[in-house]
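Working through the structure, step by step
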Amino acid sequence: MNNPDNGIAGFRLTEHTWMTELGNWIDAISPDGRRAGALLFDPKIVGLPGVRDRVVQAVMTDQRLVLAGLSGLIPVADVVAAGEQVWLLTAQAVSPTLADLLAAGPVDPSGAASALVETAQTLLALHSAGVTHGSVHPGTVVVTSEGVSLLSERGLSDAIRARVSPRERDAAGWASLARGLGASTGRQAPEVAALFERAANTAGTLGLAAARDLLVNERGTLPGGRISRDALASAARGRSAFAQAPAYGRASVPPVVPPNRDEGDIVTLLHVPGRSTGPVQFGPGVGTQPQAQERQETEAERIWRAGRDEAATVHRPGGRADRVSRARRRRTILSAVVFAIVMAGAVLAWLKLGTAPDLAVMSVNVVAPKKTQGCDRAVVITGTVVTNGGPGEITYEWRKNLDKEVVKGTLRTQSDKTSYTVPLRWTLRGRSNVKATATLRILTPGPVRSDKATFSYKC
């Protein structure tokens, strides 16, 4: 599994890797031997003006939230630069994701409900803290060996786009996740699929808290009448050896370069702003002393320091501290507005070109009526395609076992939506007693995926 010739800041990189809109994720081993993750940012993205600073700011926000007790997030150990490369290192494995489990087959209904309740709870905690996730989809929900659902990539999609997503965007992403899981369980438990659809609709109208409560209050619809992680945990362990529960706490793991190993200069980007005039260096012959030449403070660091100093100020009504705090807030807000205006022009062209992930199909599910169909009936077979949320075009075909007709079609997908319905209307006539099977094949993007469903016709 391990590739001993590859590593970054003491993290050993394995051969299991996958692409996202941010760059290249890799399963890794932390310096103390625990399962972790490493993200090598796409240099065309992280090299754009201001992106690195915004990524650092997002990660530092996450670390403060996690250390303050917010659970449900993948903890980030560090963000480091090695030459022109920028790496994000996690203190928790980042595989498998719900996208991986959906690709392997239907997700257990009780486990799917558990994932929905836990991700909703995490999103609500983020919203209470004044931040949002910005990119909720099956690929950003990590499932541990204990069946716990953790969110990864919090704020990173927004950071590279210089935007702040509203809470409604998170709710919409969660609703799509609910519909995708409902489609996965639809064949074996249509009543659960209906429950997830109601929860998705509730999230869009009444909010995530109401949707979460709906799932909890109607758990009697689930097999066994309860929400359980057991089957989800088993699926995660079966899918990836890197499934691991966050049992080792929330503290970040400091980057360590192994002895007798020349990785070049590794610079951690998560130094505490204002405490030194230069970055902490890791590498052969490189210490942690400040550089002789003073480094100019970035906008992200200045805003972070201003917020920290403001939180540490003891306010007295009408006192000098109160006036200083208000003045500092005004300066911070003004600087942030100016910064946003400048960055908007720099990234506008890039945003128009789009940075959404390449379209990938996660799963296909086909459902046919269970009741025997009578004479001259038009039967509707429903295919559900779950994607990773990328925009693009899906080409597919329906095949029927009783004739040679092939029904071909295309489907345009869009960002922030992961579940699509592809119906087939099949009319059977004449006197017969047969089993009719419809097969849906997704041709592009590859690899080819298919599923089928059978119904009875008797006339």
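Thresholds, definitions, all that
Residues numbered from 1 in each chain as written. Predicted model: local features only at pLDDT ≥ 70, side-chain atom pairs only at ≥ 80, totals over all residues. Heavy atoms only, no water. Helix = DSSP H or I, 4+ residues; strand = E, 2+ residues; numbered from the N terminus. Buried < 20%, exposed > 50% of the residue type's maximum accessible area, 1.4 Å probe, protein only. Areas by Shrake-Rupley, 256 points an atom, 1.4 Å probe, with all protein chains shown as cover. Polar contact = N/O pair within 3.5 Å; in protein donor to acceptor, adjacent residues only side chain to side chain. Contact = heavy atoms within 4.5 Å. Pairing = 2+ DSSP bridges. Axes fitted to C-alpha atoms, helices over the stretch in contact; angles between N-to-C directions. Salt bridge = Lys/Arg side-chain N within 4 Å of Asp/Glu carboxyl O. pLDDT = per-residue confidence, 0-100. Parallel < 35°, antiparallel > 145°, perpendicular 65-115°, else oblique. Nonpolar A, V, L, I, M, F, W, Y, C, P; charged D, E, K, R; others polar. Phe/Tyr/Trp six-rings, centres within 6.5 Å; stacked < 30°, edge-to-face > 60°. Left-handed = near helix turned anticlockwise from the far one by under 90°. Expected span 1.5 Å × (residues − 1).

1. Quick notes on the overall build of the protein chain
- A tally of regular secondary structure across the protein chain gives 11 helices and 17 strands.
- For the protein chain, with 459 residues in total, the buried portion stands at 50%.
- For the protein chain, the exposed surface amounts to about 21,400 Å²; the carbon and sulfur share of it is 52%.

2. Focus: the side chain of Thr 437
- Relative to the elements of secondary structure, Thr 437 occurs in strand β16 (residues 433-444).
- Among the polar contacts listed, one links the side chain of Thr 437 to the side chain of Thr 454, at a separation of 2.8 Å.
- Leave out the neighbours within four places in its chain, and Thr 437 touches Arg 399, Lys 400, Asn 401, Trp 426, Lys 452, Ala 453 and Thr 454.

3. Examining the environment of Thr 202
- Examined against the element boundaries, Thr 202 turns out to sit in helix α7 (residues 190-205).
- Note: C-alpha distance between Thr 202 and Arg 212 (10 residues apart in sequence) is 9.1 Å.

4. Concerning the sheet that holds strand β13 (residues 392-400)
- Spatially, the four strands line up as an open sheet ordered β14-β13-β16-β17, and their pairing is antiparallel. A single partner strand is all that each edge strand has here, and the edge strands are β14 (406-413) and β17 (449-458). Strand-to-strand twist across the sheet, computed as the mean angle between neighbouring axes with direction ignored, equals 20°.
- Two strands pair when backbone bridges link them, and β13 and β16 are joined in this way by six bridges, in the antiparallel orientation.

5. Points about the sheet that holds strand β12 (residues 377-387)
- Pairing is antiparallel across the open sheet formed by three strands, whose spatial order is β11-β12-β15. Two strands bound the open sheet, and with one partner strand each, they are β11 (361-367) and β15 (419-428). Each strand of the sheet is rotated relative to its neighbour by a mean of 20°, with strand direction disregarded.
- Examined bridge by bridge, β11 and β12 share six bridges and lie antiparallel to one another. From the neighbouring strand, Val 361 faces β12, where its bridge partner is Thr 387.
- Relative to β15, helix α6 (residues 167-185) is tilted by about 40°, and along the sheet it contacts β11, β12 and β15.

6. Some points on the pattern of salt bridges
- This structure, assessed with the given rule, holds 13 salt bridges.
- The partner of Glu 21 in a salt bridge is Arg 161, with the nearest N and O atoms 2.9 Å apart. Separated by 140 residues along the polypeptide, Glu 21 in the loop between β2 (11-19) and β3 (23-29) and Arg 161 in helix α5 (residues 156-161) bring together distant segments of the chain. Assigned by exposure class, Glu 21 and Arg 161 land together as buried.
- Among the salt bridges present, the one from Asp 32 reaches Arg 34, with a minimum N-O distance of 2.3 Å.
- If you follow the salt bridges from partner to partner, you end up with Glu 397, Arg 399 and Arg 441 in one network.

7. Examining the confidence of the model for the protein chain
- Averaged over all residues, the pLDDT of the protein chain equals 79, while 75% of them reach at least 70.
- Averaged pLDDT values for the elements of the protein chain fall to 37 in strand β10 (residues 280-282) and rise to 96 in strand β8 (residues 149-151).
- In the predicted structure, residues 272-321 sits below a pLDDT of 50 and forms 77 contacts with residues beyond four places in sequence or in another chain.
- Here residues 345-355 is modelled with pLDDT under 50, and outside its nearest four sequence neighbours on either side it reaches 12 contacts, counting other chains as well.

8. Some thoughts on the packing of α6 against α7
- Running from amino to carboxyl end, α6 crosses α7 at an angle of 170°, the nearest separation of the two axes being 8 Å. With respect to α7, the axis of α6 lies roughly antiparallel. Residues Ala 171, Trp 174, Ala 175, Ala 178, Arg 179, Leu 181, Gly 182 and Thr 185 of α6 form the contact with α7, whose own contacting residues are Pro 190, Val 192, Ala 193, Phe 196, Glu 197, Ala 199, Ala 200, Asn 201 and Ala 203.
- For the contact of α6 with α7, the class distribution of residues is 12 nonpolar, three polar and two charged.

9. Some thoughts on the pairing of strand β6 (residues 85-90)
- Counting buried positions along β6 yields five of six residues, so the element is predominantly enclosed.
- One ladder, built from four bridges, connects strand β4 (residues 35-41) with β6; its direction is antiparallel. Within β6, the position partnered with Gly 37 by the bridge is Thr 90.
- Pairing analysis gives six bridges linking strand β5 (residues 76-82) to β6, with the strands arranged antiparallel.

10. Some points on the packing of aromatic side chains
- In total, this model carries one aromatic pair according to the counting rule given.
- Between Trp 426 and Phe 455, the aromatic rings sit 5.7 Å apart at their centres with planes inclined by 90°, giving edge-to-face as the arrangement. With Trp 426 in strand β15 and Phe 455 in strand β17, this residue pair connects regions lying 29 residues apart in the sequence.
- With relative accessibility at 2%, the residue Trp 426 sits in the buried group.
- Residue Phe 455 is classed as buried on the basis of its relative accessible area of 2%.

11. Thoughts on the packing of α7 against helix α8 (residues 208-217)
- One way to put it is that α7 packs onto α8 with a least axis distance of 7 Å and a crossing angle of 160°. With respect to their mutual orientation, α7 and α8 come out roughly antiparallel. Crossing hand, α7 versus α8: right-handed. On α8, the residues that touch Leu 195, Phe 196, Arg 198, Ala 199, Thr 202 and Ala 203 of α7 are Leu 208, Ala 210, Ala 211, Leu 214 and Leu 215.
- Residue composition of the contact of α7 with α8, grouped by class: nine nonpolar, one polar and one charged.

12. Quick word on the side chain of Ser 30
- Mapped onto the secondary structure, Ser 30 falls in the loop between β3 and β4.
- A residue is classified by how much of its surface remains accessible, and Ser 30, at 4% relative accessible area, is buried.
- Of the polar contacts made by the side chain of Ser 30, one reaches the side chain of Asp 32; its length is 2.4 Å.
- Those residues in contact with Ser 30 that lie beyond four places of it in its chain are Gly 10, Phe 11 and Ala 36.

13. Some words on helix α4 (residues 109-128)
- End to end, α4 covers 29 Å across 20 residues, agreeing with the expected 28 Å (1.5 Å per residue, within 8%).
- Among the 20 residues of α4, 17 are classified as buried, and the element is accordingly described as predominantly covered.
- With a side-chain oxygen positioned 3.2 Å from the backbone nitrogen of Ser 110, the residue opening α4 is Asp 108.
- Immediately downstream of α4, the backbone of Gly 130 shows phi near 90°, a positive value.

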